[in-house]
Structures are given as C-alpha cells and as structure tokens.
Amino acid sequence: MLQYKFRPGWGWIVSILFMTSLLFACHPASVFAEKTEVNFEAKAVLPENQRSEASYYDLKVEPNQSQELTIKLKNTSSEKIKVKVAANNATTNKNGVLDYSQHNQKLLGGPSLEELISGPQTVELNPNEEKDVVFQLKIPSTGFEGTVLGGFYCYEEKNKAEDQPAGFSLANKFAYTIGIQLQCSDKKIAPELKLLEAKPGLDNGYLTVYAKLANPQPMIMSQLDLHAFITKKKQKEVLHDVSKLVSLAPRSTFKLPISWENEPLKKGEYTLITVLKEKSGKVWTLKKDFTVKGKDESLNNKTVKLKKSKNNNYQYLYGGLIVCLLIIGLLLWHITKLRRNKGN
C-alpha cells in the first residue's frame, strides 16, 4: 500500500508550481483577476512514487495500478465557501501555452488523464477549515507509453450571481493549478508535428487565418521556435506572418491565429508554411495550401476593423470618360470641318 508524505507549510500553488521544472517552465496555467479576494489554498499531498522534488504530481506508475491522489484544501476566510476541484487534461491554447483549465477536452488518442481519474468534486469548507479531497487513479492493465499530462484545477464556486463583480467569469477567477504528470514506460517516443489545416476566421473580431497544428505523440513539445507565413500560391512574397515560442501538450491540437492585419480577405489560392525548431536543432517545415472562397469574404463585414482597399475601378472609369470626350471632340471637329468645306 502506498504511503503518503505531506510537506509542511502552505504555499501559493499557482502556475509557479510548473516553473520548478524545465518541463513546466513555460506553462503558466493560473489566472488571477485584479481585486479578487483569495479565500482558499490548495496543496498536493505527494505519494512515495513521486519521481522528483517538484510540488506537482510527477509520478511513475505501473500497469493495473490503483492509487489515491489527495489535494489538501484550506479555507483562509471567515466565511463558508465552496471549492470545485477537477482533474483536467492538458491542452494547448491559441497562444501556444499549455492549459489545464478546461474539462472534457478531447485529445488525439489515449489514455488521457480524465479517463484514468475520478470526476470533479465540489467541497464545502467552514471558516478556517482544512479538508482532504481524494481522487481515485486507475492505470490500464496494458499500461501506456509516453506521458499522460494534466492538472487539478481548483477554484471557488460562488452561490449567487450578485457575489461576483460585473464582467467577472470563470476565465478571470483566481485558480490553483496543480500539475499531474504520469509515466508508465521508459520507452523513447519519436517527436512528430503536423499541420492539419489553414482556415480564415475571426480572432476577437479581427480577420485571421488559423493554422491548426497537432502534436499526436504522448510527449510534451516544449519551447519550440515557430515562424509561420502566408503567400499567394506559387509565389514568394510574404503577405502575413507570425513568430513566437510555443509548447504543445501531449496528443493535443491548437489553432494558431495569423493576423490578416486588418486587410480585407480576397478570393484566391494561398499557401501557409510553418517552420518549427526544437532546441536540439530538429526542424519541421510544414506546408498547407488553402483557398479563400467567396463565402469567406463575408468575414470582411463582421470584422471590427478593416482597411479600405485601393479600388482601381474609378481610375478606369475616369480614363474611359477622358477617351470618350476626346473621341466626341474629334468627331465634332471633323463634322465642323466638313460643313465648312461644303459652305465653300
């Protein structure tokens, strides 16, 4: 039977938990809203199969193993509160950052953390009360290869809407995130990255082309240098591009927004090229052709900002009018000349 050890002292278990390890150094997951009162603390009770000195769960597990994972909650306020704790799969958000805040997010294959662990719990805490929240972890009899990654996402549930300031939502609630990293096998996994599609859309109301990238392997792809750029098909001139550092959760996809820089979408064929470079020097160059169709141009009417495109139609119109006036002038001159000749 597994024996547990509890490390004394209450710490602020927020995204800083992940910064204690190179693997989690670039993966902030907790959001603290200004003027939000923090009424509780959360801490992992680490078991004997902990692999490292990290404050999150970094566990070596065995096929068919059953285990309890315990979160210790403490109400630091003078009022009764409710805290919800959910074990979520690690995903990748649009910024290329690991995200542990979403429940029921599907991955590319399994097993996922949510498939291995018991469901979310809501815990009531009296003023200054401490309470253990226990989750059941069950490893398949066949085990698994690579890394299963996720985290406990803990936040206070408000009973009444009036308890929350205007504009306040789960997205800007204070939350503790305590990571869970499971490994069952020492087998090396070969990294792989894919570019699944390129598609026009709106990002916060601005014209964008989304590059859907995938990490289908059960391993973290951390701190990749990414450069993505768009050209007209079979042309070299770069129309729009983006460069940034990204990390991808195991078996996850994410939609990278490439700003259209407030220019109108125009029908045509384009090419998206995405280059990703690992710190080891390995490079992936991924290419995807895509078409902006007539229906996509309707996004021009929905965007919050749009540059006025240069319209050459007026130039052609003015040019045509000038030519017509010249022709009419020549005809009048010719007719006048003929009349004079007849008069003579």
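Structure's up top.
The structure contained in this document is the topic of the report that follows. Bear in mind the structure is a predicted one, so any value in this text is a computation, not a measurement.

## Description of the side chain of threonine 147
In this fold, threonine 147 is placed in strand 10 (residues 147-157). A polar contact is formed between the side chain of threonine 147 and the side chain of glutamine 183, at a distance of 3.0 Å. Beyond its immediate sequence surroundings of up to four residues, threonine 147 is in contact with Gln181, Leu182, Gln183, Pro218 and Pro250.

## Overview of the environment of serine 259
Counting through the fold element by element, serine 259 comes out in strand 16 (residues 252-259). Separated by 59 residues in sequence, serine 259 and proline 200 have C-alpha atoms that sit 9.9 Å apart. Excluding residues within four positions of it along the chain, serine 259 makes contact with Leu207 and His240. From its side chain, serine 259 meets the backbone nitrogen of glutamate 261 in a polar contact 2.9 Å long.

## Re unusual backbone geometry
Between glycine 110 and the following residue, proline 111, the backbone shows a cis peptide bond with an omega angle of 5°. Relative to the helices and strands, proline 111 is located in the loop between strand 7 (98-99) and helix 1 (113-116). With a phi close to 70°, asparagine 64 is a non-glycine residue in the positive phi region. Relative to the elements of secondary structure, asparagine 64 occurs in the loop between strand 3 (57-60) and strand 4 (66-75). Phi is positive for asparagine 262, which is not a glycine, with a value near 65°. Counting through the fold element by element, asparagine 262 comes out in the loop between strand 16 and strand 17 (268-277). The buried category is assigned to asparagine 262, whose relative accessible area is 16%.

## Digging into the packing of aromatic side chains
With the rule as written, the count across this model stands at seven aromatic pairs. Plain terms: the ring middles of phenylalanine 174 and tyrosine 176 are 5.0 Å apart, the flat faces sit at 90° to each other, and that makes the pair edge-to-face. The pair phenylalanine 174 / tyrosine 176 is uniform in exposure class, with both members buried. Here the aromatic cluster, defined as three or more aromatic residues joined through ring pairs, consists of Phe40, Phe174 and Tyr176. It is lysine 282 that lies over the ring of tryptophan 284; its NZ or CZ is 5.1 Å from the centre.

## A short note on the sheet that holds strand 10
Strands sit in the order 3-11-10-5-8 across an open sheet of five strands; the sheet is mixed. A strand with exactly one partner marks an edge of an open sheet, and here the two such strands are strand 3 and strand 8 (121-125). Averaged over all neighbouring strand pairs, the angle between strand axes comes to 20°, with direction disregarded. Here strand 5 (residues 81-89) pairs with strand 8 via five bridges, running antiparallel.

## Points about empty space enclosed by the protein
Under the criterion given, the structure shown has one cavity of 30 Å³ or more. Of the volumes computed, that of the largest cavity is approximately 60 Å³. If you go around the largest cavity, the residues you meet are Leu107, Pro111, Ser112, Leu113, Thr147, Val148, Leu149, Pro218, Pro250 and Arg251. Take the lining of the largest cavity: its biggest share by element is three residues, from strand 10. The residue makeup of the lining of the largest cavity, split by class, is seven nonpolar, two polar and one charged.

## Looking at the pattern of salt bridges
Applying the stated rule across the entire model yields eleven salt bridges. Residue lysine 194 pairs with glutamate 192 through a salt bridge whose shortest N-O separation is 3.8 Å. Residue glutamate 192 is classed as partly exposed on the basis of its relative accessible area, which comes to 31%. Sharing partners across several salt bridges, the network here consists of Lys80, Lys82 and Glu124.

## Re the pairing of strand 4
Most of strand 4 sits inside the fold, with seven of its ten residues counted as buried. With six bridges joining them, strand 2 (residues 40-47) and strand 4 adopt antiparallel strand pairing. Considered in strand 4, the bridge of alanine 42 is made with leucine 73. Relative to strand 9 (residues 130-138), strand 4 runs antiparallel, the two being bridged by nine bridges. Bridging across to strand 9, lysine 72 finds its partner in aspartate 132.

## Examining the sheet that holds strand 15 (residues 238-248)
Spatially, 15-14-17-18 is the arrangement adopted by the four strands of the open sheet, whose pairing is antiparallel. Looking at the sheet topology across the chains shown, the edges are occupied by strand 15 and strand 18 (283-292). Across the sheet, the mean angle separating the axes of adjacent strands is 20° when strand polarity is ignored. Two strands pair when backbone bridges link them, and strand 14 (residues 221-232) and strand 15 are joined in this way by nine bridges, in the antiparallel orientation.

What counts as what
Residues numbered from 1 in each chain as written. Predicted model: local features only at pLDDT ≥ 70, side-chain atom pairs only at ≥ 80, totals over all residues. Heavy atoms only, no water. Helix = DSSP H or I, 4+ residues; strand = E, 2+ residues; numbered from the N terminus. Polar contact = N/O pair within 3.5 Å; in protein donor to acceptor, adjacent residues only side chain to side chain. Contact = heavy atoms within 4.5 Å. Buried < 20%, exposed > 50% of the residue type's maximum accessible area, 1.4 Å probe, protein only. Phe/Tyr/Trp six-rings, centres within 6.5 Å; stacked < 30°, edge-to-face > 60°. Lys NZ or Arg CZ within 6 Å of the ring centre and 35° of its normal. Pairing = 2+ DSSP bridges. Axes fitted to C-alpha atoms, helices over the stretch in contact; angles between N-to-C directions. 1 Å grid on protein atoms, 1.4 Å probe; cavity = no way out; pocket = protein on both sides within 12 Å on 5 of 7 lines; lining within 4 Å. Points joined across faces, edges and corners; volume = space filled by probe spheres on them. Nonpolar A, V, L, I, M, F, W, Y, C, P; charged D, E, K, R; others polar. Salt bridge = Lys/Arg side-chain N within 4 Å of Asp/Glu carboxyl O.

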